[in-house]
Amino acid sequence: MDIKPILGCTIRFEQDVARDIIVIGNWKMHKTAHQAAEMIELLAPSVAGCQARPLLAVPFTAISAAVAAAKQTKIVIGAQNMHDAQEGPFTGEISALMLKEAGATFVLLGHSERRRLFGETDSVIHRKIVRALQDDLQPVLCIGETLREREEGRTEEVLSLQLEHVFTHVPKTAFSSVRIAYEPVWAIGTGKSATPQMVQKVHAFCRSCVKKIYDSTTAQAVAILYGGSVKAERVRELVSQDDVDGVLVGGASLEPASFAAIIQQCEGVR
Ligand code: PGA
């Protein structure tokens, strides 16, 4: 696998103080720029006083409009993917610098739909993480096992390999701006959410992998979110687990009421 060290990468970002709860909406290929602005205007008042931090990963074409609509609010806008090169002959692709200039502050990387439908490997995802860090975008790395891998008892092996492949040679200082999202592939868009106990066990394991790659302070500081059919009814129990620092929400992030309900359910947990 082609994994190279990042040279001279010393960028630091805002840290999550005491691991605040973070709720990220992943809109996937939904909403035009106009629809994005409309949704943010409806969502903002209902989350204004909430403790949890709302983030939205929106389609490329909606970033600028979403940033403008979110300006006086606590909602933070990001992207769902990017290329690993700074620029070049890559028709149809988008760079970290382009996303930054449009107003994105974070980017989802390694989502299972990117891995499964667009052939992204850990090696490609590693390069994207490095590029995001070098170009000052906060990456959210998505990892997760398939149903088959879980049934074969390989969940921990799969997750530890994904983490090792992606973060080996990423310096500790740069890693401090990374967030991790555990999204079991079998739970995404299926209505089958993992139980809070299953999620806690996996998150504690992922934290131990980060400890192995870096150290225990780094492992304690990293935010690990859960994603996969998250709904308001189940979110409180999920984020009450020690190692669950928030959720990554697909379907239920598309309507202001269902997304606001998820954010409100996190109230007072930490
Ligand atoms: P879902 O999607 O909440 O619709 O399962 C989650 C995701 O893909 O990030």
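Cut-offs applied
- Residues numbered from 1 in each chain as written.
- Predicted model: local features only at pLDDT ≥ 70, side-chain atom pairs only at ≥ 80, totals over all residues.
- Heavy atoms only, no water.
- Core = buried A, V, L, I, M, F, W, Y, C linked by side-chain atoms within 4.5 Å.
- Buried < 20%, exposed > 50% of the residue type's maximum accessible area, 1.4 Å probe, protein only.
- Helix = DSSP H or I, 4+ residues; strand = E, 2+ residues; numbered from the N terminus.
- Contact = heavy atoms within 4.5 Å.
- Salt bridge = Lys/Arg side-chain N within 4 Å of Asp/Glu carboxyl O.
- Near = heavy atom within 4 Å.
- Polar contact = N/O pair within 3.5 Å; in protein donor to acceptor, adjacent residues only side chain to side chain.
- Areas by Shrake-Rupley, 256 points an atom, 1.4 Å probe, with all protein chains shown as cover.
- Nonpolar A, V, L, I, M, F, W, Y, C, P; charged D, E, K, R; others polar.
- Axes fitted to C-alpha atoms, helices over the stretch in contact; angles between N-to-C directions.
- Parallel < 35°, antiparallel > 145°, perpendicular 65-115°, else oblique.
- Left-handed = near helix turned anticlockwise from the far one by under 90°.
- Phe/Tyr/Trp six-rings, centres within 6.5 Å; stacked < 30°, edge-to-face > 60°.
- Lys NZ or Arg CZ within 6 Å of the ring centre and 35° of its normal.
- Pairing = 2+ DSSP bridges.

Focus on the nonpolar core
Part 1 of the argument: Counting residues in hydrophobic clusters, the biggest one holds 76 residues, and the most contacted among them are Val23, Phe167 and Ile180.
Part 2 of the argument: Broken down by element, the residue count for this core peaks at seven residues, all from helix H1 (residues 33-47).
Part 3 of the argument: Setting aside residues no more than four positions away along its own chain, Phe167 makes contact with Ile129, Leu141, Phe175, Val178, Ile180, Ile213 and Tyr214.
Part 4 of the argument: Counting residues in each nonpolar core, the second largest holds 12 residues, with Ile22, Ala57, Leu108 and Ala181 among its members.

Re the pattern of salt bridges
Part 1 of the argument: Counted under the stated rule, the structure contains 17 salt bridges.
Part 2 of the argument: Among the ionic pairs, Asp245 bridges to Arg19, the shortest N-O distance being 2.9 Å. In this pair, Asp245 sits in the loop between helix H11 (232-239) and strand S8 (246-249) while Arg19 sits in the segment before strand S1 (22-26), placing the two residues 226 residues apart along the sequence. Both residues of the pair, Asp245 and Arg19, belong to the buried class.
Part 3 of the argument: One salt bridge in this structure joins Asp245 and Arg207, with 2.8 Å as the shortest N-O distance. Placement of Asp245 in the loop between H11 and S8 and of Arg207 in helix H9 (residues 196-213) is noted, with a sequence separation of 38 residues between them. For the pair formed by Asp245 and Arg207, the shared burial category is buried.

Let's talk about the site of the ligand
Part 1 of the argument: Contacts to the ligand come from 14 residues, most closely from Lys28, His111, Glu183, Gly189 and Ser229.
Part 2 of the argument: Between the ligand and Glu183, the relevant distance is 2.7 Å, taken from an oxygen atom to a side-chain nitrogen or oxygen of the residue.
Part 3 of the argument: Note that an oxygen atom of the ligand is positioned 2.6 Å from one of the backbone N or O atoms of Gly189.
Part 4 of the argument: Protein burial of the ligand: of its 280 Å² of free accessible surface, 94% is covered by the chains.
Part 5 of the argument: Classifying every residue of the shell around the ligand gives five nonpolar, seven polar and two charged.

Structural notes on the side chain of Asn26
Part 1 of the argument: Tracing the backbone shows Asn26 in strand S1.
Part 2 of the argument: Judged by its relative accessible area of 4%, Asn26 is buried.
Part 3 of the argument: One polar contact links the side chain of Asn26 to the main-chain amide nitrogen of Lys28, over a distance of 3.1 Å.
Part 4 of the argument: The residues contacting Asn26, other than those within four sequence positions of it, are Ala57, Gln80, Leu108, His111, Leu248, Val249, Gly250 and Ser253.

A look at the packing of H9 against H11
Part 1 of the argument: Relative orientation of the contacting elements H9 and H11 amounts to 40 degrees, with a least axis distance of 9 Å. Here H9 is positioned oblique relative to H11, judged by the angle of their axes. Relative to H11, the crossing made by H9 is right-handed. On the side of H9, the interface is formed by Pro196, Gln197 and Val199, while H11 contributes Arg234, Glu237 and Leu238.
Part 2 of the argument: Classifying every residue of the contact of H9 with H11 gives three nonpolar, one polar and two charged.

Remarks on the environment of Lys28
Part 1 of the argument: Within the secondary structure layout, Lys28 lies in the loop between S1 and H1.
Part 2 of the argument: Taking C-alpha positions, Lys28 is 19 Å from Ala70, a pair spaced 42 residues apart along the chain.
Part 3 of the argument: Once residues lying within four places of it in the same chain are set aside, the contact partners of Lys28 are Ala57, Pro59, Gln80, His111, Glu113, Ile188 and Gly250.
Part 4 of the argument: Here Glu113 takes part through its side chain, which lies 2.8 Å from a polar atom of the side chain of Lys28.

Notes on the packing of aromatic side chains
Part 1 of the argument: Under the defined criterion, the tally for this structure stands at three aromatic pairs.
Part 2 of the argument: Between Phe167 and Phe175 the ring centres are 4.9 Å apart and the planes differ by 90 degrees, which places this aromatic pair in the edge-to-face class.
Part 3 of the argument: Relative accessible area serves as the criterion here: at 1%, Phe175 is assigned to the buried category.
Part 4 of the argument: Above the plane of the ring of Trp27 lies Lys31, whose end atom (NZ or CZ) is 5.4 Å from the centre.
Part 5 of the argument: Of note, Arg114 hangs over the ring of Phe118, and the distance from its end group to the ring centre comes to 4.1 Å.

Side note on the pairing of strand S6 (residues 179-182)
Sheet faces and side chains relate simply in a regular strand, where the side chains alternate between the two faces.
Part 1 of the argument: Here S6 shows no split at all, with Arg179 and Ala181 on one side and Ile180 and Tyr182 on the other all buried.
Part 2 of the argument: Where strand S5 (residues 138-143) meets S6, four bridges bridge the pair, whose relative direction is parallel. Of the residues in S6, the one forming a bridge with Leu141 is Ile180.
Part 3 of the argument: As defined by bridge partners, S6 adjoins strand S7 (residues 223-227) across four bridges and the pair is classed as parallel. Residue pairing for S7: Arg179 is matched across the bridge by Ala223.

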